[in-house]
Amino acid sequence: AIGVPPPSTVPLYYRVSASLLTQEEAIEVVGATSSGEAEPVVIADAAGRAWLTVGSDHTDRALETTSVALSKQVCAKPVGRVAWPLDTLADRLDTLTLASFVQEDGSDAWTPYQAGTLAAIRPLAELIAACPLARDGRLPPGTAMLCGTLPVLSGGVRPAAAMRLEIADGGRRLVHHYATRVLPIVA
């Protein structure tokens, strides 16, 4: 609907610079056409153990109509500061809930933006195993992978002044929030 070319394969793995990962509470973007989306993020530590956190595949939506790969490469990827060992969640991953909330139109209120369970996206083990970098069903040490997202609840994909991301497992939550600072487009 917004002119984004369909992927050549599903799933399609986009590589982005490791320097784009950030745990900061604010990112800077050029122009007002970018937006985020909540995603589970799997990170392989130096020993190769996989960890789950929450993140945002923040993307320039205007550039996305020209090149999805470039649209992802020009935006920071905010990720949570806390993670859970993935192997401790394997038996119930599909039951974990993923949600995002946005602040928009100058309001301090959080508006629900996305909500659902991880059952609504491709299984994480399947994504990891199919990743071109994976060996024996594991990501290489030092690799982070954003693992897909849920549809927007209403109002369509849109920019927001701030975004809150959550993964919940019963009563515990992984939460990260970040603001977006828009830099002017100059020629």
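For the structure, check the block above.
A brief report on the enclosed structure follows. Just so you know, these numbers come straight off a predicted model, no measurement behind them.

1. Brief notes about the side chain of serine 56
If you trace the backbone, serine 56 turns up in strand β5 (residues 50-56). For serine 56, a relative accessible area of 0% corresponds to the buried category. Engagement of the side chain of serine 56 in a polar contact is seen with the backbone nitrogen of glutamate 37, the distance being 3.1 Å. When neighbours within four sequence positions are excluded, serine 56 is seen to be in contact with Gly36, Glu37, Ala76, Lys77, Pro78, Leu146, Met163, Leu165 and Tyr178.

2. A few points about the layout of surface pockets
Estimates place the volume of the largest pocket at around 1,400 Å³. Along the wall of the largest pocket there are 47 residues; nearest its centre are Leu12, Tyr14, Asp57, Lys72 and Leu146. Mapped onto the lining of the largest pocket, the elements with two or more residues apiece are α1 (61-64), α2 (68-73), β10 (111-117) and β11 (144-146). Looking at which element gives the most residues to the lining of the largest pocket, the answer is β11, with three residues. Lining of the second largest pocket is provided by 19 residues; of these, Ala50, Leu86, Leu93, Ala125 and Ile128 occupy positions nearest its centre. Mapped by element, the contributors of at least two residues to the lining of the second largest pocket are β4 (38-44) and α3 (124-130). Considering each element in turn, the lining of the second largest pocket owes the most residues, three residues, to α3. Class assignment for the residues of the lining of the second largest pocket results in twelve nonpolar, two polar and five charged.

3. Observations regarding the sheet that holds β4
Strand pairing within a sheet occurs via backbone hydrogen bonds; the two strands may be parallel or antiparallel. In space, the four strands of this open sheet follow the order β8-β5-β4-β11, with antiparallel pairing throughout. Each edge of the open sheet is held by one strand with a lone partner, namely β8 (84-85) and β11.

4. Some thoughts on the environment of arginine 49
Within the secondary structure, arginine 49 is located in the loop between β4 and β5. Judged by its relative accessible area of 33%, arginine 49 is partly exposed. Considering only alpha carbons, one finds arginine 49 and glycine 142, 93 residues apart in sequence, at a separation of 9.8 Å. Apart from residues no more than four positions distant in its own chain, arginine 49 is found in contact with Ile43, Ala44, Pro85, Asp87, Thr88 and Arg138. Polar contacts involving the side chain of arginine 49 include one to the side chain of aspartate 87, which spans 3.0 Å.

About the criteria used
- Residues numbered from 1 in each chain as written.
- Predicted model: local features only at pLDDT ≥ 70, side-chain atom pairs only at ≥ 80, totals over all residues.
- Heavy atoms only, no water.
- Helix = DSSP H or I, 4+ residues; strand = E, 2+ residues; numbered from the N terminus.
- Buried < 20%, exposed > 50% of the residue type's maximum accessible area, 1.4 Å probe, protein only.
- Polar contact = N/O pair within 3.5 Å; in protein donor to acceptor, adjacent residues only side chain to side chain.
- Contact = heavy atoms within 4.5 Å.
- 1 Å grid on protein atoms, 1.4 Å probe; cavity = no way out; pocket = protein on both sides within 12 Å on 5 of 7 lines; lining within 4 Å.
- Points joined across faces, edges and corners; volume = space filled by probe spheres on them.
- Nonpolar A, V, L, I, M, F, W, Y, C, P; charged D, E, K, R; others polar.
- Pairing = 2+ DSSP bridges.

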